[in-house]
Amino acid sequence: MQHLDDILELSRQAPRGPLSPWFDARLRDQVEAGLFPSPEDLDAIGKRLVQQLVEYREQAGVSTAVLGMSGGVDSAVTAALLKAAGWRVAGYTLPIQQDPVETERGIEACHALGLEHLHIDLSKQYRSMVAGLGTLDEDLPGGDTDPLRTRRGNIRARLRMITLYDQAHRWGGLVASTDNFSELGAGFWTLHGDVGDLAPVQSLLKSWEIPWMAREYGVPESTWRAKPTDGLGIGEGDEAQIGATYLEWDIGVFAVLEALRRNPQAKASDIPDLLDAGDDPAAERAIAAVLHRLRTTWFKRLNPIALDHPKSERLAMLDVIDDRLFRPAVLRDDRALTAFSGEIASLGQRLADRLKERGLRVVTAESCTAGLLGACLAAVPGSSSALEGSFIAYCPSMKTDGLGVPEALIREKTVYHPDVAGAMAQGALERAMGAGLAIAITGVAGPEPDEGKPVGLVYIATQRSGAEARATEHRFDGQPKDIVAAAVRKALELGLEALEN
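Residues numbered from 1 in each chain as written. Predicted model: local features only at pLDDT ≥ 70, side-chain atom pairs only at ≥ 80, totals over all residues. Heavy atoms only, no water.

Going by an unreviewed UniProt entry, the protein carries the name NH(3)-dependent NAD(+) synthetase and comes from Citreimonas salinaria. Among the UniProt annotations of the protein, the heading Pathway (unreviewed entry) holds the following wording: "Cofactor biosynthesis; NAD(+) biosynthesis." Turning to the protein, the UniProt record has this under Sequence similarities (unreviewed entry): "Belongs to the NAD synthetase family." (UniProt positions renumbered as here; feature names shortened; annotations may be inferred.)

In this section: the overall build of the protein. A tally of regular secondary structure across the protein gives 21 helices and nine strands. In terms of principal-axis extent, the alpha carbons of the protein reach across some 85 × 50 × 45 Å. Long-range pairs, those at least 24 residues apart, make up 70% of the contacts in the protein with a sequence separation of at least 6. For the protein, the exposed surface amounts to about 24100 Å²; the carbon and sulfur share of it is 52%. Averaged over its 53 positive side-chain charges, the protein has a centre that lies 2 Å from the centre of its 71 negative ones. (Helix = DSSP H or I, 4+ residues; strand = E, 2+ residues; numbered from the N terminus. Contact = heavy atoms within 4.5 Å. Areas by Shrake-Rupley, 256 points an atom, 1.4 Å probe, with all protein chains shown as cover. Lys, Arg positive; Asp, Glu negative; His and termini not counted. Charge placed at Lys NZ, Arg CZ, Asp CG, Glu CD.)

Turning our attention to the pattern of salt bridges. Inspection of every chain in the model, using the stated rule, returns 26 salt bridges. In this structure, Asp 24 engages Arg 28 in a salt bridge whose closest nitrogen and oxygen atoms are separated by 3.0 Å. With Asp 24 and Arg 28 both in helix α2 (residues 21–32), this residue pair falls four residues apart, about one helical turn. Here Lys 47 ties to Asp 43 by a salt bridge, and the two come within 3.1 Å at their closest N and O atoms. (Salt bridge = Lys/Arg side-chain N within 4 Å of Asp/Glu carboxyl O.)

The next point concerns the sheet that holds strand β8 (residues 457–464). The mixed open sheet is built from five strands, whose spatial order is β6-β5-β7-β8-β9. The open sheet has two edge strands with one neighbour each: β6 (387–392) and β9 (470–475). The average undirected angle you get between the axes of adjacent strands in this sheet is 15°. Pairing between strand β7 (residues 437–443) and β8: seven bridges, direction antiparallel. Bridge assignment links Ile 439 to a residue of β8, and that residue is Thr 462. Packing of helix α21 (residues 480–500) onto the sheet brings it into contact with β7, β8 and β9, and relative to β8 it is tilted by some 25°. (Pairing = 2+ DSSP bridges. Axes fitted to C-alpha atoms, helices over the stretch in contact; angles between N-to-C directions.)

Another aspect to go through is the packing of aromatic side chains. Inspection of every chain in the model, using the stated rule, returns four aromatic pairs. Arranged with centres 5.0 Å apart and planes meeting at 85°, the rings of Trp 22 and Phe 23 form a pair that is edge-to-face. Taking relative accessible area as the criterion, Trp 22 reaches 9% and is therefore assigned buried. Centre to centre, the rings of Tyr 56 and Trp 87 are 6.3 Å apart; their planes meet at 10°, and the pair counts as stacked. One end of the pair, Tyr 56, is in helix α3 (residues 39–60); the other, Trp 87, is in the loop between α4 (73–84) and β2 (88–93), and 31 residues separate them in sequence. On the basis of relative accessible area, Trp 87 is assigned to the buried category, the value being 2%. (Phe/Tyr/Trp six-rings, centres within 6.5 Å; stacked < 30°, edge-to-face > 60°. Buried < 20%, exposed > 50% of the residue type's maximum accessible area, 1.4 Å probe, protein only.)

Let us now look at the pairing of β2. With respect to burial, β2 is a largely interior element, five of its six residues being buried. Of the strand pairs in this sheet, strand β1 (residues 64–68) and β2 are connected by five bridges, and their pairing is parallel. Bridging across to β2, Leu 67 finds its partner in Gly 91. In this fold, the crossover linking β1 to β2 by way of α4 has right-handed handedness. (Right-handed = clockwise from strand over helix to strand, strands pointing away.)

Under the local residue numbering, the UniProt record ascribes the feature "domain: CinA C-terminal" (unreviewed entry) to residues 346–495. Secondary structure content for residues 346–495 is 43% helix and 21% strand, and the end C-alpha separation is 13 Å.

On to the state of the cysteines. What makes a disulfide is a covalent bond joining the sulfur atoms belonging to two cysteines. Under the definition given, this model contains zero disulfides. Here Cys 395 stays unpaired: no disulfide links it, and the sulfur of Cys 368, its closest cysteine neighbor, is 13 Å away. (Disulfide = S-S within 2.5 Å.)

Let us look at the domain arrangement of the protein. Partitioning the protein into domains gives domain 1 (1–240) and domain 2 (342–500). Taking the mean C-alpha position of each, domain 1 and domain 2 sit 47 Å from one another. (Domains from an automatic or database assignment.)

As a further point, take the sheet that holds strand β4 (residues 174–175). On the basis of which strands lie adjacent, the open sheet formed by four strands has the order β3-β2-β1-β4 and parallel pairing. The strands lining the two open edges of the sheet, one partner per strand, are β3 (116–119) and β4. Taken together, the four bridges between β2 and β3 define a ladder with parallel strand orientation. When the sheet's bridge partners are listed, Ala 90 is paired in β3 with Glu 116.

Ranked by internal contacts, the top residues of the largest apolar core, which has 69 residues, are Trp 22, Phe 36, Val 77 and Trp 87. For this core, the element with the most residues is helix α12 (residues 246–262), which contributes nine residues. In contact with Phe 36, other than residues within four places in its own chain, are His 3, Ile 7, Leu 27, Gln 30, Val 31, Leu 205, Ser 207, Trp 208, Leu 247, Asp 250, Ile 251 and Phe 254. Grouped together as the second largest cluster of nonpolar side chains are 32 residues, Ala 352, Leu 360, Cys 376 and Ile 460 included. (Core = buried A, V, L, I, M, F, W, Y, C linked by side-chain atoms within 4.5 Å.)

When you line up the elements, Leu 315 lands in helix α15 (residues 313–325). The class for Leu 315 is exposed, based on a relative accessible area of 53%.

Where like charges cluster on the molecular surface, the negative patch consists of Asp 270, Asp 273, Asp 276, Asp 279 and Glu 284. Secondary-structure assignment places Asp 279 in the loop between α13 (271–275) and α14 (281–301). You can call Asp 279 exposed: its relative accessible area is 81%. (Patch = residues over 30% accessible without salt bridge, like charges linked within 9 Å, V, L, I, M, F, W, Y side chains within 5 Å.)

Moving on to the packing of helix α1 (residues 2–10) against α2. Think of two packed helices as two axes; the pair is described by the angle between the axes and how far apart they sit. One can describe the packing of α1 onto α2 by two numbers: an axis separation of 11 Å at closest approach and a directional angle of 120°. Classified by the interaxial angle, the pair formed by α1 and α2 is oblique. In this structure, the crossing between α1 and α2 has a hand that is right-handed. Listed contacts from α2 to His 3, Leu 4, Ile 7 and Leu 8 of α1 are Leu 27, Arg 28 and Val 31. (Parallel < 35°, antiparallel > 145°, perpendicular 65-115°, else oblique. Left-handed = near helix turned anticlockwise from the far one by under 90°.)

Right, let's get into the side chain of Ser 11. Of note, Ser 11 is situated in the loop between α1 and α2. Its relative accessible area of 7% is what places Ser 11 among the buried residues. At a separation of 2.7 Å, a polar atom in the side chain of Ser 11 contacts the main-chain carbonyl oxygen of Ile 7. A distance of 3.3 Å separates the side chain of Ser 11 from the backbone oxygen of Leu 8, its partner in a polar contact. With sequence-adjacent residues up to four places away left out, Ser 11 is seen in contact with Ser 207 and Leu 247. (Polar contact = N/O pair within 3.5 Å; in protein donor to acceptor, adjacent residues only side chain to side chain.)

Now the structure itself:
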């Protein structure tokens, strides 16, 4: 299988020895599933990235990018993509007590890619800063523990970023981020030390896609063959710090995501058993390393952490203003309209899978969720085999006219009642003859109580063909968006329960 051989070669896994049986089997499955794209697909991905960089340059009115050329493959690929998109790219070598070989690779990549090269040795400034901080903590300058080495490494990264932002201001440009998807998950970067303004390669795998792009876009082989290091003097190379090769890391992350898709309620402690790697010691160690790195670095990927403030809707207001008036068109993204959290998306996938297994389709009847339950199911690949359709019965009149809910029932008990939810499910099932399951939702999402019913009161009914509707009462907390999300989540869970029972 040539594609598999190429992955093992470019990922630098081959010289390290064969993958263990668990990793080998998983990689084959993941290649088959398209998680490690083919060269043809990568060619299209590269062209799309370049086109997006062209569009951003033209629409944002900025055409100069500065970045640190560390001698590593990530910065070189980032620079190559920007150069291919017509940017003026200034590559800075900024050694701080760094291995001269790494610096020379950075200079070589600048020349090979046709970048403007600038150089400043920041070692003196670094020593001065560490000495100054040493007046606060005398162990910092010379201590040899992992935490102290990490702190000194973070100082190096942030000092370099200070320099790059100053130079970007000088040229009227921006700072390019060079982190990739694998490093993002491993937390292998410094907050405010590695994150710039524009991140062309942040979704690409370090093991396969980054070296493939490097070879394709003219990065010197000495760079993409080099052993990955942080260049910060923290440890003996990236993979030694992670506790797995980058290929094992990427396979492991995909495996964890698959386990969560199949078992949305799983906890971190459940993952090793769910991945069934008990007979493969190498896989057990690598999975533990993946989970450890993800557990200890999650906060970086959420930075800055925004609490669910009572006035957090103001953030959305600014987002609307920026999106409508100022952002370049290439950054406008309507996917948020149909995006769902990982847990809800996984539940939707599970319900769709169970429906397909049983040869059934579902119909939804929604009031306060206004079609989001149906949209979640429609977002699942192959949803036409699982979703018959949806009724959005937001007003009482629609519940009566569209679903046949008796007016007298609504007058007597209001629309917020288990009998109304049951009647909605029954009406949907009667009108959608191709469906074998109905799920109905009615409730008060807020922000104010309605008809004497409190915010967060939601009734959900499920009904199988040939059976009676079963309605349950729920009380959800939070703002309207939280209540709606909780209602969709619970409706999916109840749909699965109805199929199992």
